[in-house]
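# A structural walkthrough
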Amino acid sequence: MTNELSAIIAQASREAFSRLFASVDEEFYYCTLVTTGEALPPQISAWSWEALNRVAEGKSKPEMWRSMLKWSYADSPYVDFGSEFFKPVYEAFEARPSMTTGMIADEWDREFSFRLNAMTEAMKTLSDEGIFGTGEARAAKIVLVEVVPPDASNAERARLLNREGPALANWIEEAGEE
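Along each chain, residue indices are assigned from 1 in the same order as the chain's sequence is written. pLDDT decides what is reported in this predicted model: residues at 70 or higher carry local features, side-chain atom pairs at 80 or more are listed and counted, and totals for whole chains, interfaces and linings draw on all residues regardless. Processing note: side-chain calculations cover all non-hydrogen atoms of the structure and skip hydrogens and water entirely.

### Things to note about the overall build of the chain
For helices the rule is a DSSP run of H or I covering at least 4 residues; for strands it is a run of E covering at least 2, with both sets numbered from the N terminus onward. If you tally the helices and strands in the chain, you get eight helices and three strands. When the elements of the chain are put in sequence order from the N terminus, they spell out α-β-β-α-α-α-α-α-β-α-α. As a reference, a globule follows 2.2 Å times the number of residues to the power 0.38, and the radius of gyration itself is taken over C-alpha atoms. For the chain, the C-alpha radius of gyration of 16 Å lies close to 16 Å, the compact-globule estimate for 178 residues. Along the longest, intermediate and shortest principal axes, the C-alpha atoms of the chain span 50 × 30 × 30 Å. In this scheme, a residue with accessible area under 20% of its type's maximum is buried, one over 50% is exposed, and one in between is partly exposed, where area comes from a 1.4 Å probe on protein chains only. Residues classed as buried in the chain amount to 46% of the 178 residues present. Contacts are assigned to residue pairs with any non-hydrogen atoms lying within 4.5 Å of each other. Contacts in the chain between residues far apart in sequence, at least 24 positions, make up 65% of those at least 6 positions apart. Entry remark: accessible area of the chain is about 9,100 Å², with carbon and sulfur atoms responsible for 52%. Positive charges are assigned to Lys and Arg, negative charges to Asp and Glu, while His and the chain termini are left out of the count. The atoms used to mark charge sites are NZ of Lys, CZ of Arg, CG of Asp and CD of Glu. Once the 17 positive and 30 negative side-chain charges of the chain are each reduced to a mean point, those two points are 2 Å apart. To measure how exposed things are, a 1.4 Å probe is used in the Shrake-Rupley method; for residues, cover is taken only from the protein chains shown.

### Some remarks on helix α5 (residues 105-129)
For α5, built from 25 residues, the straight-helix expectation of 36 Å at 1.5 Å per residue is met to within 8% by its first-to-last C-alpha distance of 36 Å. Taken together, the buried positions of α5 are Glu111, Phe112, Phe114, Arg115, Leu116, Ala118, Met119, Thr120, Ala122, Met123, Leu126 and Ser127. Gly130 lies just past α5 and shows a positive phi near 90°. The span one expects for a helix is its residue count, reduced by one, times 1.5 Å.

### Structural notes on the packing of aromatic side chains
Any two of the Phe, Tyr and Trp rings considered here, Trp counted by its six-membered ring, make a pair once their centres fall within 6.5 Å; the pair's planes then place it as stacked at under 30 degrees, edge-to-face at over 60, or tilted in between. Applying the stated criterion across every chain, the model contains nine aromatic pairs. Relative to Phe132, the ring of Phe21 lies with its centre 6.4 Å away and its plane at 75°, an arrangement referred to as edge-to-face. Of the two residues, Phe21 sits in helix α1 (residues 2-23) while Phe132 sits in the loop between α5 and α6 (135-139), which places them 111 residues apart along the sequence. Of the residues examined, Phe21 reaches a relative accessible area of 24% and is grouped as partly exposed. Exposure remark for Phe132: the relative accessible area of 1% places this residue in the buried category.

As structure tokens, then:
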């Protein structure tokens, strides 16, 4: 069952990230699926070094802003990019038990874990396919499934989706996820 939901999320995310990467000639360092603390349907977000510099340069104290914006899914110009591809994801989540009403704690925890596992499997599939690059290009990117507001489990999923190296270490240190 996770595989079915994961496949739906992977397809939507594949289309969205592929369209994003094809539409701008930029070096992306951060690619994420973002969901809420209720594990509602995710959206993508991404940052490239070029976008980070463009946004920060438009502010007073650009270095401070680069640091503040670097890992902020919400402030990215690419947040919710490709949302048109996520209609099947919304439909699949709608068919799942509601996360907002009438669940006992154990049921809620199981459904929450199920949804996050499906999102993580989807991003792992895309990473394995090379959507985020291969070799050094992939190693230079952090690929995530994030719960917002920030949750300690984000670091666990980051470790599942990324090899040890500078990208993962920088995100863990700078995003303060642990």
